[in-house]
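Listed below are the residues making up each chain.
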Amino acid sequence: MSFSSLDLSKEMLENLDFIGYESMTPIQAEALPLILQNKDLIAQAKTGSGKTAAFGIGLLSKLDVKKFRVQSLVLCPTRELADQVAKELRTIAKFAHNIKVLTLTGGVAFGPQLGSLKHGAHIIVGTPGRVLKHLKKDILNLENLETLVLDEADRMLDMGFIEEIQEVLSFAPTKRQTLLFSATYPDEIMKLSKSIQQDAVSVKTKDIEVLNKITERFYEVEDATKVQALINVLSNFEPTNVIVFCNTKLECDELSKKLQDKKIDALALHGDMEQYDRNDVLVQFSNNSASVLVATDVAARGLDIKELSMVINYDLPHSTETYTHRIGRTGRAGAEGLAFTFYNERNYEYAKEYENDTRIFEDISKLKTIEGYKMIPEFVTLVIEGGKKDKLRAGDILGALTGEAGLKGTAIGKIDIYDKQAYVAIQNAEIDKAETRLKKGKIKNKKFSVWVL
Ligand code: ADP
Ligand code: MG
């Protein structure tokens, strides 16, 4: 937890000590080593956890002070936040002379900003709209940009800054480090990350995980009985939605098929799948039209499914960090979570490392086989071949289904709208009705192709 464990200059360390930062906060300890390795990062931690210094120390320690060019850009949702961030950066920047941090935000006159920019700066902190204005007028140049930070990325998305952010990025070099900081972690953050980051690593602070109420159980299971053991876990604990982690893509495919044969509604998710297939799977899992997701770590990275009731490590994870990451997906926001881990004779030694006071190591024979158990999700997903590009909104779809198709509002679940497609969760019993009616009818006076996933 000590800053001195990082590869920071003596001057940086002395100044941190001087400003009273004795040790790293949890998010700083998680994020800083990766930032210093030049990784793209999505960092999530609650408000007041020291996120500013996490990226601030990172970008300042990389700065080449002698090169008087904009090397870092921090985008914030509001002027107040930009001011706050700039202030903190200036405090941390005191380890060196003459580091210039400039704020560019809306709601203040353009002229003085222009004047300041002409004098040059190392770091720009600003709001997307105003930064873009300076870029378009060719006053601000990002050719030498090394690090881009989106602070409070969730709020910027909420405030509809997405297009401006994308446009700002079109002025930045593609070879850069991109850091995304956020207090919450909605699906949109994942989407944004995919479009602007490369191989981004997600970090979340332990203090979020500590709040999770997770019951952890471990079972020794041999390969021959593994599928049945998994079904026994499901039938005895009856989760509503589960992620089953496998260590290989092949195993994901095979296991999901075996589960389907046993009337457990499972879908595979892994990195060899096409992007649109992955998206179909994720939508179905998040709108409750698939109960079990069989996934590799990479594919499930950053996936934020609220109220996930169970995580199963079908294979023992390769590291304890992976374990923590996997099980941290359940038991969110105070809800009870269940985490099950299978190991076998061969990796028994590794499994033993997990032993502690709270983890339960149990004999798998305790879980009886319950005949005829099925997992059938509440909803089925209907795809409409029309989306944002067709100006389709959730209200239009809801209107068409409840109006012309005659469905009750309660029969309709989550609606996800993408550029060219919309996904609607429809209660099982109503799916045929919804499909036939939508095929015949129109939405917003237009005909769209419709099919069931
Ligand atoms: P966040 O962006 O996560 O909401 P801030 O970056 O605004 O939080 O930090 C909250 C407060 O914690 C600030 O006043 C900051 O100066 C202080 N702080 C940050 N890092 C440390 C540290 N390592 N030790 C002590 N105080 C810190
Ligand atoms: Mg902050």
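Being a predicted model, the structure only gives us computed values, none of them experimental.

Next up on the list: the pattern of salt bridges. According to the stated counting rule, one finds 16 salt bridges in the structure shown. With its nearest N and O atoms 3.3 Å apart, the salt bridge here joins Glu152 to Arg155. A relative accessible area of 21% places Glu152 in the partly exposed class. Residue class for Arg155 comes out partly exposed when judged on its relative accessible area of 38%. We note a salt bridge from Arg217 to Glu362, for which the minimum N-O separation is 3.0 Å.

A cluster of acidic residues, Glu220, Glu222, Glu345 and Asp363, forms a negative patch on the protein surface. Positionally, Asp363 belongs in the loop between strand E14 (360-362) and strand E15 (379-384).

A few words on the packing of helix H8 (residues 162-169) against helix H9 (residues 187-196). The description of two packed helices rests on the angle between their axes and on the distance between the axes. Running from N to C, H8 and H9 cross one another at 15°; their axes reach a closest spacing of 12 Å. Between H8 and H9, the interaxial angle falls into the category roughly parallel. Relative to H9, the crossing made by H8 is right-handed. Facing H8, whose interface residues are Ile162, Gln166 and Leu169, H9 presents Leu192, Ser195 and Ile196.

The seven strands lie next to each other as E10-E11-E9-E12-E13-E8-E14, forming an open sheet whose pairing is parallel. Looking at strand neighbours, the two that pair on one side only are strand E10 (266-269) and E14, the edges of this open sheet. Neighbour-to-neighbour, the strand axes of the sheet open up by a mean angle of 20°, direction not taken into account. In the sheet, strand E9 (residues 242-245) pairs with strand E11 (residues 292-295) via four bridges, with the strands oriented parallel. Note on E11: the bridge partner recorded for Phe245 is Ala295. Together, E9, E10 and E11 form the strand contacts of helix H12 (residues 249-261), whose direction differs from that of E10 by roughly 175°. Against the sheet, helix H13 (residues 275-286) makes contact with E9, E10 and E11, and its axis sits at roughly 135° relative to E10, the strand it touches most.

Neighbouring ligand 1 are 13 residues; Tyr21, Ser23, Gln28, Gly48 and Thr52 lie closest to it. Contact distances for ligand 1 include 3.3 Å between an oxygen atom and a side-chain N or O atom of Glu88. Contact with the protein chains hides 71% of the accessible area of ligand 1, taken as 570 Å² for the molecule alone. Each residue belonging to the shell around ligand 1 can be placed in one class, and the counts come to two nonpolar, eight polar and three charged.

Picture the strands of a sheet paired through backbone hydrogen bonds; they go either parallel or antiparallel. Here we have four strands laid out as an open sheet, ordered E16-E17-E15-E18, and antiparallel in their pairing. Only two strands of the sheet have a single partner each, and these edge strands are strand E16 (412-417) and strand E18 (450-452). Strand-to-strand, the axes of this sheet are offset by a mean angle of 20°, without reference to chain direction. Two strands pair when backbone bridges link them, and E15 and E18 are joined in this way by three bridges, in the antiparallel orientation. Among the inter-strand pairings, Ile384 is bridged to a residue of E18, identified as Val450.

Time to look at the packing of aromatic side chains. Counting across every chain of the model gives 11 aromatic pairs. Note on Phe218 and Tyr354: the rings are 5.5 Å apart at their centroids and 35° apart in plane angle, and the pair reads as tilted. Of this pair, Phe218 sits in strand E8 (residues 213-220) while Tyr354 sits in the loop between helix H16 (348-352) and E14, placing them 136 residues apart in sequence. Judged by relative accessible area, which is 0%, Phe218 ranks as buried. Exposure remark for Tyr354: the relative accessible area of 4% places this residue in the buried category.

Let's shift gears to the environment of Phe110. Along the polypeptide, Phe110 turns up in helix H5 (residues 110-118). Separated by 23 residues in the primary sequence, Phe110 and Lys133 place their C-alpha atoms 9.5 Å from one another. The residues touching Phe110, leaving out its near neighbours within four places in the chain, are Arg130, Lys133, His134, Lys137 and Ile139.

Before going further, it helps to examine the domain arrangement of the protein chain. Along its sequence, the protein chain is organised into domain 1 (3-208), domain 2 (211-366) and domain 3 (379-452). Centre-to-centre separation of domain 1 and domain 2, based on C-alpha positions: 35 Å.

Okay, the nonpolar core next. Ranked by internal contacts, the top residues of the largest apolar core, which has 39 residues, are Ile57, Leu60, Val74, Ile123 and Val125. Contributing elements (two or more residues each) for this core: helix H1 (10-18), helix H2 (26-36), strand E1 (41-44), helix H3 (51-62), helix H4 (79-92), strand E4 (123-126) and strand E6 (177-182). Once residues lying within four places of it in the same chain are set aside, the contact partners of Val74 are Phe55, Leu59, Val85, Leu89, Ile124, Val125, Gly126, Val149 and Asp151. Judged by nonpolar contacts, the second largest core, of 32 residues, contains Leu150, Leu157, Ile165 and Met190.

The rules behind each value
Residues numbered from 1 in each chain as written. Chains lettered and ligands numbered in written order. Predicted model: local features only at pLDDT ≥ 70, side-chain atom pairs only at ≥ 80, totals over all residues. Heavy atoms only, no water. Salt bridge = Lys/Arg side-chain N within 4 Å of Asp/Glu carboxyl O. Buried < 20%, exposed > 50% of the residue type's maximum accessible area, 1.4 Å probe, protein only. Patch = residues over 30% accessible without salt bridge, like charges linked within 9 Å, V, L, I, M, F, W, Y side chains within 5 Å. Areas by Shrake-Rupley, 256 points an atom, 1.4 Å probe, with all protein chains shown as cover. Lys, Arg positive; Asp, Glu negative; His and termini not counted. Charge placed at Lys NZ, Arg CZ, Asp CG, Glu CD. Helix = DSSP H or I, 4+ residues; strand = E, 2+ residues; numbered from the N terminus. Axes fitted to C-alpha atoms, helices over the stretch in contact; angles between N-to-C directions. Parallel < 35°, antiparallel > 145°, perpendicular 65-115°, else oblique. Left-handed = near helix turned anticlockwise from the far one by under 90°. Contact = heavy atoms within 4.5 Å. Pairing = 2+ DSSP bridges. Near = heavy atom within 4 Å. Polar contact = N/O pair within 3.5 Å; in protein donor to acceptor, adjacent residues only side chain to side chain. Nonpolar A, V, L, I, M, F, W, Y, C, P; charged D, E, K, R; others polar. Phe/Tyr/Trp six-rings, centres within 6.5 Å; stacked < 30°, edge-to-face > 60°. Domains from an automatic or database assignment. Core = buried A, V, L, I, M, F, W, Y, C linked by side-chain atoms within 4.5 Å.

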